[in-house]
Each structure stands twice: as C-alpha cells, then as structure tokens.
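Overview (structure and organization)
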Amino acid sequence: MTAHSVADLTVDVRAIRRDVKQVNARLDNPEADVSILKQDVMILKQDVSELKQDVGTIKQTLQLVLAYLHEKLP
C-alpha cells in the first residue's frame, strides 16, 4: 500500500465512524424522531387543507369562466 492509499483508508474509516455515531445517536433517541414525524404530519395536514381550499377556489373560478363563456358564445 502506498502512503496515499493509507491516507484514503484513514479518511474512509473516520467517515464510517462518524456515520455510525450519528446512527447510534438517532437509535438512542427514537422519541425525538417520533416527535419530528408528528410535526411533519401536522405540517402536511395543514398543506393538504390549504390545497383543498385552493382547489375549491379554482373550481369556483372555472365555473365563473364557463358561465361567462356560455353567456358570450352563441
């Protein structure tokens, strides 16, 4: 092995150790993950609610456009 290869392996091993520590930290605290997921679900529910309102507005606008077109076109 060359010195460069050894240096590359050392960097790889350090990165793997760092990743393992991060995974272990997350596994040690699943409640935090659940809390984050609950917050994400609340945000998604709000987004869905806003999208439903937007779809309602679009439907009303389309109905107005269609009514106008029926009135103006022979």
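Up top is the structure these notes are about.
Residues numbered from 1 in each chain as written. Predicted model: local features only at pLDDT ≥ 70, side-chain atom pairs only at ≥ 80, totals over all residues. Heavy atoms only, no water.

The subject of this paragraph is the overall build of the chain. Scanning the chain from terminus to terminus reveals two helices and zero strands. The globule rule puts the C-alpha radius of gyration for 74 residues at 11 Å, and the 28 Å found for the chain is more than 25% above it. Based on the C-alpha atoms only, the size of the chain along its principal axes is roughly 85 × 35 × 5 Å. Carbon and sulfur atoms make up 63% of the accessible area of the chain, which amounts to about 7100 Å² in all. Measuring between centres, the 10 positive side-chain charges of the chain sit 1 Å from its 11 negative side-chain charges. (Helix = DSSP H or I, 4+ residues; strand = E, 2+ residues; numbered from the N terminus. Rg over C-alpha atoms; globule rule 2.2 N^0.38 Å. Areas by Shrake-Rupley, 256 points an atom, 1.4 Å probe, with all protein chains shown as cover. Lys, Arg positive; Asp, Glu negative; His and termini not counted. Charge placed at Lys NZ, Arg CZ, Asp CG, Glu CD.)

A separate point is the pattern of salt bridges. Tallied over the full model, the rule gives one salt bridge. One salt bridge in this structure joins Arg18 and Asp19, with 3.4 Å as the shortest N-O distance. The class for Arg18 is partly exposed, based on a relative accessible area of 48%. (Salt bridge = Lys/Arg side-chain N within 4 Å of Asp/Glu carboxyl O. Buried < 20%, exposed > 50% of the residue type's maximum accessible area, 1.4 Å probe, protein only.)

Here we take up the environment of Val41. Checked against the element boundaries, Val41 lands in helix α2 (residues 30-72). Residues Val41 and Gln60, 19 residues apart in the sequence, show an inter-C-alpha distance of 29 Å.

Let's shift gears to a nonpolar patch on the surface. There is a patch of nonpolar side chains on the surface, built from Val65, Leu66, Tyr68, Leu69 and Leu73 and spanning about 480 Å² of accessible area. Assignment of secondary structure puts Tyr68 in helix α2. (Patch = residues over 30% accessible without salt bridge, like charges linked within 9 Å, V, L, I, M, F, W, Y side chains within 5 Å.)

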